[in-house]
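Residues per chain, in single letters:
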Amino acid sequence: MKTMTAALAGGLTLIALTAYAQEIDPEIDVNGDGFYSFPELGVAMPDLTAEDFTAMDTTGDGLLDAAEVMAAQDAGLMPVAE
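Only a predicted model underlies this, so the values are computations on that prediction, with no experimental measurement involved.

A separate point is the overall build of the protein chain. For the protein chain, the count of helices and strands is 4 helices and 2 strands. The order of helices and strands in the protein chain, counted from the N terminus, is α-β-α-α-β-α. The buried share of the protein chain, reckoned over its 82 residues, is 23%. Residue pairs at least 24 apart in sequence account for 35% of intrachain contacts in the protein chain once pairs closer than 6 positions are excluded. As displayed, the protein chain offers around 5,800 Å² of accessible surface, 65% of which is attributable to carbon and sulfur atoms.

Okay, here's the thing in structure tokens:
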């Protein structure tokens, strides 16, 4: 039973991560790593400043993941994709 539960949890995690990764626009994420870097996002948002990017980069790793993108959109710091 534990094996079945672990397999189900793993499968659901994979599905959730796949859906989560789809929030990143491949036209912006040109290297396909699943994150937006400042240079990548700067092409899509030419008025973006380093300070704005740093404010959106809540983890401080120099990249925006899907959660940070969603938070920035919710805060009005980044336009919502249509």
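By convention here, two paired aromatic rings are described through the distance between centres and the angle between planes. Inspection of the entire model under this criterion finds 1 aromatic pair. Judged by centre distance (5.6 Å) and plane angle (70°), the ring pair of F38 and F53 falls under edge-to-face. With F38 in helix α2 (residues 38-44) and F53 in helix α3 (residues 50-56), the pair connects residues that are 15 residues apart, well separated along the chain. Taking relative accessible area as the criterion, F38 reaches 31% and is therefore assigned partly exposed. Judged by its relative accessible area of 5%, F53 falls in the buried class.

Conventions used here
Residues numbered from 1 in each chain as written. Predicted model: local features only at pLDDT ≥ 70, side-chain atom pairs only at ≥ 80, totals over all residues. Heavy atoms only, no water. Helix = DSSP H or I, 4+ residues; strand = E, 2+ residues; numbered from the N terminus. Buried < 20%, exposed > 50% of the residue type's maximum accessible area, 1.4 Å probe, protein only. Contact = heavy atoms within 4.5 Å. Areas by Shrake-Rupley, 256 points an atom, 1.4 Å probe, with all protein chains shown as cover. Phe/Tyr/Trp six-rings, centres within 6.5 Å; stacked < 30°, edge-to-face > 60°.

What is shown is where atoms sit, not what they do.
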